[in-house]
Protein chains: 2
Amino acid sequence: MRISELSVTTGVSVPTIKYYLREGLLFEGRRTAATQADYDDAHVRRLRVIRALIDSGVSVAKTREVIRSLEEPPASPHDLLGAAHAAVIPRGDEDVDLAAAEQLIERLGWQPGLCHEDVVAGVARALQSLQHADFDISEDLMAVYLDAVARIADAEIAGVPTESAEAAVRYVVLGTVLVEPLLLALRRVAEQVASARRFGAG
Amino acid sequence: MRISELSVTTGVSVPTIKYYLREGLLFEGRRTAATQADYDDAHVRRLRVIRALIDSGVSVAKTREVIRSLEEPPASPHDLLGAAHAAVIPRGDEDVDLAAAEQLIERLGWQPGLCHEDVVAGVARALQSLQHADFDISEDLMAVYLDAVARIADAEIAGVPTESAEAAVRYVVLGTVLVEPLLLALRRVAEQVASARRFGAG
């Protein structure tokens, strides 16, 4: 299809498609003339992934990293997950104290030394923000959090498709980036439900 | 204490404290001279809340909204939660289709019409991103998500302190803003744990 049809099919404007081509997010079409190229379903699928990432607030630079991991699949699904996490984890510049994070991670049954260091640092930064604000999470509540994320992760990883590396990468990358806002939004709904039950609806 | 001591106690620089005072995030100290004021523990606590919000990536404008809800507590803890959510929920400008979000919310046992509309729209936007990316969440996995967030919310709301409106607001505001990065970071750890179990560590 021509770029104008690609635009109609995906709802992405022609100038935006050209921008993604220049930025290397979208691969070139098959050139049919000096100023014309032919695009196919692979471009449609890729554009949908790009839009989903950008719409979720992921920057163009991060989107490029994620897209790259779609194009160059590393060895195992476990490595893919590490690459996906590394691309999308918010990174801080300051040093954080990893000890408390490592303790928590041990409670999930994992050796922190084997865990991707950016992931451990993410937990450490979150704990540090809570500590700076003097916000205490009780042992009981933390146990609920750990249990909930373990259930979620078990169900998610059990669903990783293994028929192709590309399918696995797509699943772990999008599952990380796109499911996060869903989980946070659902938590807010569930909090309003629980609060209405405890305190009345206002 | 003087502003220099406030700075040492909280680790926030004097120019930054003055900026928060100008921006109305921090309330003025008790004036003791034309160019001097006296600060107390309430300023220390407030500064810690401000730093925690800003460090979590909340903008100055949003921080002001959250701080305002700390200063003008509405009627019930349920209303406070709504105010906290409204202040910190990422808002989109485009219209979203609420139908799928409302169905999900009904599965949490709630009437969507009674739920804060920004919260419903947040779920709708997350579902829309998934749909745009052609990313399907199975019924089984969605059931795990709903069950997990319901457990989390029940435990959180059971812990809302009721001794004062300020304590309740602080709990729901910080619990929303600061616990989100923790839950996402823990989910990533749990995913790496589960993936190492399923696929081997690489």
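Residues numbered from 1 in each chain as written. Chains lettered and ligands numbered in written order. Predicted model: local features only at pLDDT ≥ 70, side-chain atom pairs only at ≥ 80, totals over all residues.

### Examining the overall build of chain A
Then, in step 1: The helix and strand inventory of chain A stands at nine helices and two strands.
Then, in step 2: Reading the helices (α) and strands (β) of chain A from amino to carboxyl end gives α-α-β-β-α-α-α-α-α-α-α.
Then, in step 3: Expressed as a percentage of the 202 residues in chain A, the buried residues total 42%.
Then, in step 4: The contacts of chain A with a sequence gap of at least 6 include a subset with a gap of at least 24, amounting to 57%. (Helix = DSSP H or I, 4+ residues; strand = E, 2+ residues; numbered from the N terminus. Buried ≥ 20, exposed ≤ 12 C-beta atoms within 10 Å, placed from the backbone. Contact = placed C-beta atoms within 7 Å.)

### Notes on the relation of the copies chain B and chain A
Then, in step 1: Superposing chain B onto chain A takes a rotation of 180° plus a shift of 0.0 Å along the axis, which leaves an RMSD of 0.1 Å. These values place the two chain copies in the arrangement generated by a two-fold rotation axis. Taking C-alpha positions as the reference, the residue of chain B nearest the rotation axis is A148 of chain B, at 2.5 Å. (Least-squares fit on C-alpha atoms with pLDDT ≥ 70 in both.)

### Focus on the pairing of strand β1 (residues 30-33) of chain A
Residues and elements named next belong to chain A.
Then, in step 1: Strand direction decides the pairing type here: β1 and strand β2 (residues 36-38), joined by three bridges, are antiparallel. Residue pairing across strands places R30 opposite D38, the latter belonging to β2.
Then, in step 2: The turn linking β1 back onto β2 is made up of two residues. (Pairing = 2+ DSSP bridges.)

### Some words on the interface of chain B and chain A
Then, in step 1: Taken together, the contact between chain B and chain A spans 71 residues of the former and 71 residues of the latter.
Then, in step 2: For the side of chain B that touches chain A, the secondary-structure elements that each account for two or more residues are α3 (41-55), α5 (77-88), α7 (117-132), α8 (139-158) and α10 (179-199) of chain B.
Then, in step 3: Tallied by class, the residues present in the side of chain B that touches chain A amount to 43 nonpolar, 15 polar and 13 charged. (Nonpolar A, V, L, I, M, F, W, Y, C, P; charged D, E, K, R; others polar.)

### Here's the deal with the packing of helix α1 (residues 3-10) of chain A against helix α3 (residues 41-55) of chain A
All names here are of chain A.
Then, in step 1: Relative orientation of the contacting elements α1 and α3 amounts to 50°, with a least axis distance of 10 Å. The pairing of α1 with α3 is recorded here as oblique in orientation. Handedness of the α1/α3 crossing: right-handed. Between α1 and α3, the residues in contact are L6, T9 and T10 and H43, V44, L47 and R48, respectively.
Then, in step 2: Counted by class, the contact of α1 with α3 contains three nonpolar, three polar and one charged residues. (Axes fitted to C-alpha atoms, helices over the stretch in contact; angles between N-to-C directions. Parallel < 35°, antiparallel > 145°, perpendicular 65-115°, else oblique. Left-handed = near helix turned anticlockwise from the far one by under 90°.)

### Focus: the environment of A194 of chain A
Then, in step 1: Residue placement: A194 of chain A occurs in helix α9 (residues 165-199).
Then, in step 2: When the C-alpha positions of A194 of chain A and A84 of chain A are compared, they lie 33 Å apart, and in sequence the two are 110 residues distant.

### Side note on the confidence of the model for chain A
All names here are of chain A.
Then, in step 1: Confidence in the prediction for chain A averages 84 pLDDT; 89% of positions are at 70 or higher.
Then, in step 2: For chain A, helix α5 (residues 77-88) is the element with the lowest average pLDDT, namely 72, and helix α2 (residues 14-22) is the one with the highest, namely 95.
Then, in step 3: Overall fold confidence for the complex sits at a pTM of 0.77, while the interface term, ipTM, reaches 0.77. (pLDDT = per-residue confidence, 0-100.)

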